[in-house]
Amino acid sequence: MKVLVVGSGGREHALCWKIAQSKKVDKLYCAPGNAGIAEYAECVAIGAMEIDKLAQFAADNQIDLTVIGMDDPLVAGVVDAFEAKGLRVFGPRKNAAILEGSKAFSKDLMKKYNIPTAAYETFDDADEALKYLETADFPIVLKTDGLALGKGVLICNDLEEAKAGVKTIMLDKQFGNAGNRMVIEEFMTGREVSVLSFVDGDTIKIMTSAQDHKRAGDGDTGLNTGGMGTFSPSPFYTEEVDEFCKKYIYQATVDAMKAEGRTFKGIIFFGLMLTPKGPRVLEYNARFGDPEAQVVIPRMKNDIVDVFEACIDGTLSDIELEFEDNAAVCVVLASKGYPVKYDKGLPISGLDTVKAHEAEGYYVFHAGTKLVDGQIVTNGGRVLGVTAKGATLKEARANAYKATEWIEFANKYKRNDIGKAIDEA
Ligand code: AMP
Ligand code: GLY
């Protein structure tokens, strides 16, 4: 088979690494890819949002399966464009990717089908939103309706902050058109867990759990980022939580989408909060998490291409998902200054050391790198994800931090407390 992966981050590197191991695959392409992905895949210089070009490339090169890693092209309808050309593609169609693409849609869906989530109101008008806030309880959460690179969520501690937030989102349009509509939501407390799943329209199969660290600084301080590190499994995702989610959340979401005429095939990522009142859905994503993929995929035993195909063909009920009985931790190495301002083009050393330890469960997934004159250099805010496995979460964490020392580049920055919560489990 010839397979094409669309995307260029650490998640897509983990996907390419895994797909390259499939017995079914003889040739792998990635558009646009990065310097790490180039080890497994031929990188093609087409951007993830150049949907027509991607579909044309797949048609011209007889690609048997395309896997979409990122949210933006899914929400923009990349799957529909491929299907229109008769091409096989893994991911939800546009009318189903709205599960991630519109918070107002996903909140209305949860309300209609009694899927547990925070109470909320939707607003198209800033004055209405401001009026609502006058009598609201604080803290309160403001969310842009549309995609905003994971940054369109503002937690406001009092009325003044919330008013400023409405201005930022709806009037100043800091998140562009994503902020034309806004959801105002009850503030919840509890631990967060990411649960990823494969879905074939009817059947849903849950992967092992994970937890992300979204803030830039130690102790969950600083700005929100794309994710500074992850661990898997989450010790807080107990059997009791799993049972609750199976009963009220997972299948209920798949059935709701089908009932709405928006049959979902692909990945549903459940962002859950384990509140004192039980698990609640914080958000849905329609793709693998980044950097959740970097800890979940290395622990997966199945041939991932079999699972992609089963989702497309509606035969997922025949597949048993299997994960290793161990743990993994990913620590992101970023450029100092991320997520605001940072230098690019700095040479990276030590990648070979990690590679030499791959058989022992050490991996480095490239997020923002580029090959310049034979030298791999930094090319983004998040540069690398260093993943290590271990028999336990503590062991995996110690291994991951050890491996971060093998890699050097100027302005290297990481959080030092990825997986700290493990100690409280
Ligand atoms: P989201 O993009 O919806 O996952 O939101 C990003 C982050 O904001 C989440 O991971 C939570 O940490 C936080 N958050 C979102 N919604 C709420 C809520 N209703 N209550 C408390 N925190 C929230
Ligand atoms: N790590 C969170 C996300 O991928 O949205």
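Below you will find a few notes about this structure. (Residues numbered from 1 in each chain as written. Chains lettered and ligands numbered in written order. Predicted model: local features only at pLDDT ≥ 70, side-chain atom pairs only at ≥ 80, totals over all residues. Heavy atoms only, no water.)

1. Observations concerning the overall build of the protein
Piece 1. Helix and strand content of the protein: 13 helices and 22 strands.
Piece 2. For a compact globule of 425 residues, the expected C-alpha radius of gyration is about 22 Å, and the protein comes in at 21 Å, within 12% of that figure.
Piece 3. Each principal axis of the C-alpha atoms in the protein carries an extent, and together these give about 60 × 45 × 40 Å.
Piece 4. Here the protein, with 425 residues, has 57% of them falling under the buried criterion. (Helix = DSSP H or I, 4+ residues; strand = E, 2+ residues; numbered from the N terminus. Rg over C-alpha atoms; globule rule 2.2 N^0.38 Å. Buried < 20%, exposed > 50% of the residue type's maximum accessible area, 1.4 Å probe, protein only.)

2. Here we look at the packing of helix H1 (residues 10–19) against helix H11 (residues 304–313)
Piece 1. Where H1 meets H11, the axes come as close as 8 Å, and the angle between the chain directions of the two elements is 105 degrees. One finds that H1 runs roughly perpendicular with respect to H11. Judged by residue contacts, Leu 15, Lys 18 and Ile 19 of H1 engage Ile 304, Val 305 and Phe 308 from H11.
Piece 2. For the contact of H1 with H11, the class distribution of residues is five nonpolar, no polar and one charged. (Axes fitted to C-alpha atoms, helices over the stretch in contact; angles between N-to-C directions. Parallel < 35°, antiparallel > 145°, perpendicular 65-115°, else oblique. Contact = heavy atoms within 4.5 Å. Nonpolar A, V, L, I, M, F, W, Y, C, P; charged D, E, K, R; others polar.)

3. Some thoughts on the site of ligand 2
Piece 1. Every residue near ligand 2 is listed here: Asp 212, Gly 226, Phe 269, Asn 285, Arg 287, Gly 289, Asp 290, Pro 291 and Glu 292.
Piece 2. One nitrogen or oxygen atom from the side chain of Asp 212 is found 2.7 Å from a nitrogen atom belonging to ligand 2.
Piece 3. With respect to ligand 2, the side chain of Arg 287 contributes an N or O atom lying 2.8 Å from an oxygen atom.
Piece 4. Taken together, the residues that form the shell around ligand 2 break down as two nonpolar, three polar and four charged. (Near = heavy atom within 4 Å. Polar contact = N/O pair within 3.5 Å; in protein donor to acceptor, adjacent residues only side chain to side chain.)

4. Quick notes on the layout of surface pockets
Piece 1. Here the second largest pocket is characterised by a volume of approximately 240 Å³.
Piece 2. Looking at the second largest pocket, it is lined by 16 residues, and the ones nearest its centre are Glu 39, Leu 351, Lys 355, Val 364 and His 366.
Piece 3. Looking at the lining of the second largest pocket, the elements that each hand over two or more residues are H1, helix H12 (351–356) and strand S18 (362–366).
Piece 4. Among the residues making up the lining of the second largest pocket, the classes are represented as nine nonpolar, three polar and four charged. (1 Å grid on protein atoms, 1.4 Å probe; cavity = no way out; pocket = protein on both sides within 12 Å on 5 of 7 lines; lining within 4 Å. Points joined across faces, edges and corners; volume = space filled by probe spheres on them.)

5. A word on empty space enclosed by the protein
Piece 1. Tallied over the full model, the rule gives one cavity of 30 Å³ or more.
Piece 2. Approximately 40 Å³ is the volume attributed to the largest cavity.
Piece 3. Lining the largest cavity we find Asp 290, Pro 291, Gln 294, Val 332, Ala 367, Arg 382, Leu 384 and Gly 385.
Piece 4. In terms of residue class, the lining of the largest cavity is built from four nonpolar, two polar and two charged.

6. Observations concerning the side chain of Gln 294
Piece 1. Position of Gln 294 among the secondary structure elements: in helix H10 (residues 293–296).
Piece 2. A polar contact of 2.9 Å, which involves the side chain of Gln 294, links it to the side chain of Asp 290.
Piece 3. Once residues within four sequence positions are removed from consideration, Gln 294 is found in contact with Gly 10, Arg 11, Ala 14, Gly 289, Cys 330, Phe 365 and Thr 387.

7. Some points on the environment of Cys 330
Piece 1. Looking at the secondary structure, you find Cys 330 in strand S17 (residues 327–335).
Piece 2. With relative accessibility at 0%, the residue Cys 330 sits in the buried group.
Piece 3. Sequence separation between Cys 330 and Leu 54 is 276 residues, and the spatial gap between their C-alpha atoms is 30 Å.
Piece 4. Setting aside chain neighbours within four positions, we find Cys 330 in contact with Gly 229, Thr 230, Pro 291, Gln 294, Val 295, Gly 385, Val 386, Thr 387 and Ile 418.

8. Quick word on the sheet that holds strand S1 (residues 2–7)
Piece 1. A sheet is described by the order of its strands in space; here five strands give the open sequence S3-S2-S1-S4-S5, paired in parallel fashion. The strands lining the two open edges of the sheet, one partner per strand, are strand S3 (42–43) and strand S5 (89–90).
Piece 2. Where strand S4 (residues 65–68) meets S5, two bridges bridge the pair, whose relative direction is parallel. Looking at the pairing, Val 67 lines up with Phe 90 of S5.
Piece 3. Along the sheet, H1 makes contact with S1, strand S2 (27–32) and S4, crossing S1 at roughly 170 degrees.
Piece 4. Against the sheet, helix H2 (residues 51–60) engages S1, S2 and S4, with an angle of about 170 degrees to S1. (Pairing = 2+ DSSP bridges.)

9. Comments concerning the site of ligand 1
Piece 1. What surrounds ligand 1 is a group of 14 residues, the closest being Glu 185, Glu 186, Met 188, Glu 192 and Glu 283.
Piece 2. At a separation of 2.7 Å, a nitrogen atom of ligand 1 approaches a polar side-chain atom of Glu 185.
Piece 3. For ligand 1, the protein covers 91% of the area, taking 470 Å² as the surface of the free molecule.
Piece 4. Partitioned by chemical class, the residues of the shell around ligand 1 number seven nonpolar, no polar and seven charged. (Areas by Shrake-Rupley, 256 points an atom, 1.4 Å probe, with all protein chains shown as cover.)

10. A look at the nonpolar core
Piece 1. Membership of the largest hydrophobic core comes to 56 residues, with the highest contact counts inside it found for Tyr 250, Phe 270, Leu 272, Leu 384 and Ile 407.
Piece 2. With seven residues, helix H9 (residues 239–259) is the largest single contributor of residues to this core.
Piece 3. Non-local contacts of Ile 407, meaning those with residues more than four positions away in its chain, are made with Leu 333, Ile 348, Ser 349, Gly 350, Leu 351, Val 354, Val 364, Leu 384, Val 386 and Lys 412. (Core = buried A, V, L, I, M, F, W, Y, C linked by side-chain atoms within 4.5 Å.)

11. Remarks on the sheet that holds strand S9 (residues 182–186)
Piece 1. If you walk across this open sheet you meet the four strands as S6-S9-S7-S8, and the pairing is antiparallel. The outermost strands of the open sheet, each flanked by one partner alone, are strand S6 (120–123) and strand S8 (153–156). Strand-to-strand, the axes of this sheet are offset by a mean angle of 20 degrees, without reference to chain direction.

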